[in-house]
Amino acid sequence: MKTVTRPRILVVGAGFAGVECVRRLERRLAPDEADLTLVTPLSYQLYLPLLPQVASGVLTPQSVALSLRRSEKYRTRIIPGGAIGVDLRSKVCVVRTITDEIVNQPYDYIVLAPGSITRTFDIPGLTDHAFGMKTLAEAAYLRDHVISQLDLADASHDPAERASRLQFVVVGGGYAGTETAACLQRLTHAAVKRYPRLDPGLIKWHLIDIAPKLMPELGEKLGRSAQEVLTRRGIEISLGVSIAKAGPEEVTFTDGRVVPTRTLIWTAGVVASPLIATLGAETVKGRLAVNADMCLPGHDGVFALGDAAAVPDEAKGGGAVCPPTAQHALRQGRQVADNVIAALRNQPMRPYRHKDLGLVVDLGGTDAVSKPLGLELRGLPAQAVARGYHFAALRTNVAKARVATNWLLNAVAGDDFVRTGFQARRPAKLHDFEYTNAYLTPEQVRAHVEEAGRAVR
C-alpha cells in the first residue's frame with residue numbers, strides 16, 4: 001500500500017515578501033493540500049521603514065515587530081534558523097538553526113525571499129567601527145549609543161573628547177540614511193535641553209553620500225525640499241563625498257576632511273542575501289535572475305522575489321527590474337503565492353505587474369516629503385500621507401494600535417531619553433550583525449547534501 005505525501009512548500013525569509021506569501025498560502029490552500037514551512041531566525045516580521053523612529057524613540061521596538069503566530073489561520077511550521085545553502089538538483093535547503101545545528105530541509109516547491117544585507121565596501125575600519133540600521137537590535141542599540149554619547153560628553157572634562165562624542169556621521173543619502181539622520185538629530189536636539197553643561201552648538205550631524213543628489217527618486221523639487229529641511233535643522237549635508245577611513249574616534253572623508261566622532265552610521269544601500277550565491281544560478285547585480293512570474297528558469301518549483309530577486313518590472317518595461325522596496329515585496333509575495341498554487345494545481349501562472357504608487361519620507365515632527373501617485377507634497381500634508389501609508393501597511397491590528405498610540409504619546413508628551421542598557425557591554429557594529437561568513441559555497445552545499453544522503457542509506 002502506497003503512502004500519499006502532501007507537497008512540501010518551503011518559504012525562506014520572514015520579511016515583507018516571505019510573510020505575505022505564507023499568509024496567502026494559508027488562506028488559499030486547504031489544510032490537506034500541502035505542508036507549509038517557513039525558515040527564519042526570528043519569530044516576527046520587522047516593519048523596516050519605521051526603524052528610524054525606533055532608533056529615535058518615537059516608537060517602541062515591539063511596535064514594529066509583528067508576531068508570526070497571531071494569525072487565526074496559522075498552521076505553518078517555523079524552523080528557527082537561517083538558510084545557508086540550497087541544492088537545486090536534490091531539492092534540499094541547508095539550514096543553520098539558532099542553536100548552530102545544521103539540518104537539511106527537503107522541499108517540492110521553494111520560495112526564496114531571504115531579503116538583503118547592508119552593502120559595504122573595502123574601506124579600512126568600516127565594519128569594525130560603523131553602526132548599521134538594518135535590524136531591530138541595531139536600532140535599539142543605536143538609540144542607547146547616541147544617548148550615552150550625550151551622557152559621557154556631559155561628564156567629560158576633556159574638550160576634545162566632548163567634541164568627538166557630540167559629532168555624528170550618517171553615510172547614505174537614500175531613504176534610510178535621510179530618515180535616520182533626521183529622526184536622531186531631532187532626538188539629540190530635544191535631549192540637549194536636559195544637559196545644562198552641554199553647549200547645543202557642539203552637537204553636529206553630518207549626512208554624506210557619494211551621489212550628487214539627495215534621494216534622487218523623489219525628483220529635483222522634493223529632493224531639494226528635503227535637503228532644505230535638514231539644513232535648516234543644522235544637519236551638514238555633503239554630496240559627492242564618502243568615507244575613506246573609519247577609526248574608533250574619527251572618520252576621514254574622501255575629500256580629506258577628518259571628523260572627530262564616536263558615531264558612524266552606515267546606510268549606503270543593500271545587496272541581495274549571500275544565500276543567492278549558493279545556488280550557482282544566473283544573477284543580475286547580485287540578485288537572482290527570474291522570469292516575470294518569479295520562477296527560476298530551468299528549475300521547476302523554484303521561485304524568488306523581493307530584495308534577493310531581479311524581478312522584471314513589466315509596468316516600466318525596457319528591461320527594468322523592480323526596486324527593492326516594501327511596496328513591491330508585499331505585492332510580489334501575494335503574486336508568488338498564487339503562482340505556487342497554480343503550479344501545484346497544474347494551472348497557468350501569471351506575471352507580476354504593479355505600477356509604483358509613489359514614495360513617502362518621514363523626517364520627524366511635522367516635516368515630510370511625499371509623492372503619492374506623482375503628486376508632490378511637503379510638510380504636514382506629506383506627513384499625513386506618510387504616516388497614513390505606514391499605518392495601512394502594518395499587517396496586524398495590534399501593530400496598528402501600538403504604532404498609533406506611540407505616535408500620539410510622542411506628540412503629546414514629547415521624547416524621553418532613557419538608556420535601557422540591555423546591550424551596554426556588547427559590541428554592535430556592522431560585523432556583529434552581518435553574518436556573511438555563515439553561508440556555504442555551491443560546492444560545499446552539494447558535498448553536504450551528498451554526505452547526508454549517504455549517511456541515511
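In the annotation of an unreviewed UniProt entry, the entry for the protein chain reads NAD(P)/FAD-dependent oxidoreductase, and the organism field reads Streptomyces fimbriatus. Recorded in UniProt for the protein chain, the comment headed Sequence similarities (unreviewed entry) runs: "Belongs to the NADH dehydrogenase family."

What follows covers the overall build of the protein chain. Looking only at helices and strands, the protein chain features 12 helices and 25 strands. Expressed along its principal axes, the backbone C-alpha trace of the protein chain runs to roughly 80 × 50 × 40 Å. The buried share of the protein chain, taken over its 457 residues, is 51%. Long-range contacts, defined here as pairs at least 24 residues apart, represent 68% of the contacts in the protein chain between residues at least 6 apart. As displayed, the protein chain offers around 21200 Å² of accessible surface, 53% of which is attributable to carbon and sulfur atoms. The protein chain carries 55 positive and 46 negative side-chain charges, and their two centres are separated by 5 Å.

Formed by 112 residues in total, the largest nonpolar core has its most connected members in L25, V86, I110 and L112. If near-sequence neighbours (up to four positions away) are discounted, I110 is found in contact with L10, V12, V86, C93, G301, V302 and F303. Membership of the second largest hydrophobic core comes to 16 residues, among which are I208, V259, W266 and L430.

Turning to the packing of aromatic side chains, a few remarks are in order. Summed over all chains, the structure comprises four aromatic pairs. With a centroid separation of 4.5 Å and an interplanar angle of 15 degrees, the aromatic rings of F168 and W205 are classed as stacked. One end of the pair, F168, is in strand β11 (residues 167-171); the other, W205, is in strand β12 (residues 204-209), with 37 residues separating them in the sequence. Across the pair, W205 and F168 agree in class, each one buried. Geometry around F391 places K400 over its ring, the cationic atom sitting 5.7 Å from the centre.

The rules behind each value
Residues numbered from 1 in each chain as written. Predicted model: local features only at pLDDT ≥ 70, side-chain atom pairs only at ≥ 80, totals over all residues. Heavy atoms only, no water. UniProt positions renumbered as here; feature names shortened; annotations may be inferred. Helix = DSSP H or I, 4+ residues; strand = E, 2+ residues; numbered from the N terminus. Buried < 20%, exposed > 50% of the residue type's maximum accessible area, 1.4 Å probe, protein only. Contact = heavy atoms within 4.5 Å. Areas by Shrake-Rupley, 256 points an atom, 1.4 Å probe, with all protein chains shown as cover. Lys, Arg positive; Asp, Glu negative; His and termini not counted. Charge placed at Lys NZ, Arg CZ, Asp CG, Glu CD. Core = buried A, V, L, I, M, F, W, Y, C linked by side-chain atoms within 4.5 Å. Phe/Tyr/Trp six-rings, centres within 6.5 Å; stacked < 30°, edge-to-face > 60°. Lys NZ or Arg CZ within 6 Å of the ring centre and 35° of its normal.

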